[in-house]
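If you want the building blocks of each chain, they are given just below.
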Amino acid sequence: MFPQKVPDAAFHTRVRIPDQGVENVFEWQKLTADDLFKKKSVVFFALPGAFTPACSESHLPGYEHFYDAFIAEGIDDVICSAVNDAFVMFQWAKAQNIQRVSMLPDGNGEFARKMGMLVDRSAQGMGMRSWRYSMLVENREIIKFFAEPGLCDNPAGVPMTVSSAETMLDYLRQR
């Protein structure tokens, strides 16, 4: 089962340095769970990987599409995480035209592991990946958790039945 609070973890991100006269100037920035969740209301969703079919066709675009609705419900940030590095997450967001959802690389799988959501996908050549889930987090406390059924190593696929943006938005509107 998942923890009651989001676990401590380090997220290795790349942040653009503005006003350098060059478009592509970035530096490394390590974020913590406190940086992301402390004193905030956050919709967080994790998925198996950047550029994968369901993640690219519906999961990530759904959260981007409903971003304003989440903000209207009192959410401070919407965060997408995958066990991919910062470079891959950046290029995936760019390819998907993601403007508002925060892209959070969990390159080492540390957060997914501590959440109990790291699974082996080596049968598909994907290595270790996050299971598909979403959660509402308020000041690091997990308020609601939607994990896709069938959590296991090397599944044939990872469904998207309960972790969608629509499911989370319905939950927020009924609270």
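Each residue is numbered by its place in its chain's sequence as written, counting from 1. At least 70 in pLDDT is required for a residue's local features to be given in this predicted model, at least 80 for side-chain atom pairs to be given and counted, and no such filter applies to totals for whole chains, interfaces and linings, which use all residues. Processing note: side-chain calculations cover all non-hydrogen atoms of the structure and skip hydrogens and water entirely.

### Re the pattern of salt bridges
(1) Moving on: What makes a salt bridge here is a side-chain nitrogen of Lys or Arg within 4 Å of a carboxyl oxygen of Asp or Glu, nothing more. Going through the model one piece at a time under the given rule, you end up with six salt bridges.
(2) Moving on: Residue Glu110 pairs with Lys114 through a salt bridge whose shortest N-O separation is 2.9 Å. Separated by four residues within a single helix, Glu110 and Lys114 lie in helix α5 (residues 110–114), roughly one turn from each other.
(3) Moving on: Close ionic contact of Arg175 with Glu138 constitutes a salt bridge, the shortest N to O distance being 2.9 Å. With a gap of 37 residues between them, Arg175 in the segment after α6 (165–174) and Glu138 in strand β8 (residues 133–138) connect regions that are remote in the sequence.
(4) Moving on: The cut-offs for exposure are 20% and 50% of the maximum accessible area for each residue type, with area from a 1.4 Å probe on protein chains only; residues under the lower value are buried, those over the upper are exposed, and the others partly exposed. In this structure Glu138 comes out as partly exposed when scored by relative accessible area, which is 25%. Strands here mean DSSP runs of E at least two residues long; helices mean DSSP runs of H or I at least four residues long; both are numbered from the N terminus.

### Section: the nonpolar core
(1) Moving on: We call a set of buried Ala, Val, Leu, Ile, Met, Phe, Trp, Tyr and Cys residues a nonpolar core when their side-chain atoms join them within 4.5 Å. Counting residues in hydrophobic clusters, the biggest one holds 25 residues, and the most contacted among them are Val43, Tyr63, Phe70, Val78 and Val101.
(2) Moving on: The set of elements that each furnish at least two residues to this core consists of β3 (41–47), α2 (53–65), α3 (67–72), β4 (77–82), α4 (86–96) and α6.
(3) Moving on: When neighbours within four sequence positions are excluded, Tyr63 is seen to be in contact with Val43, Phe45, Phe70, Val78, Val101, Ser134, Ser163, Ser164, Ala165 and Met168. The contact criterion used throughout is that any non-hydrogen atoms of two residues lie within 4.5 Å.

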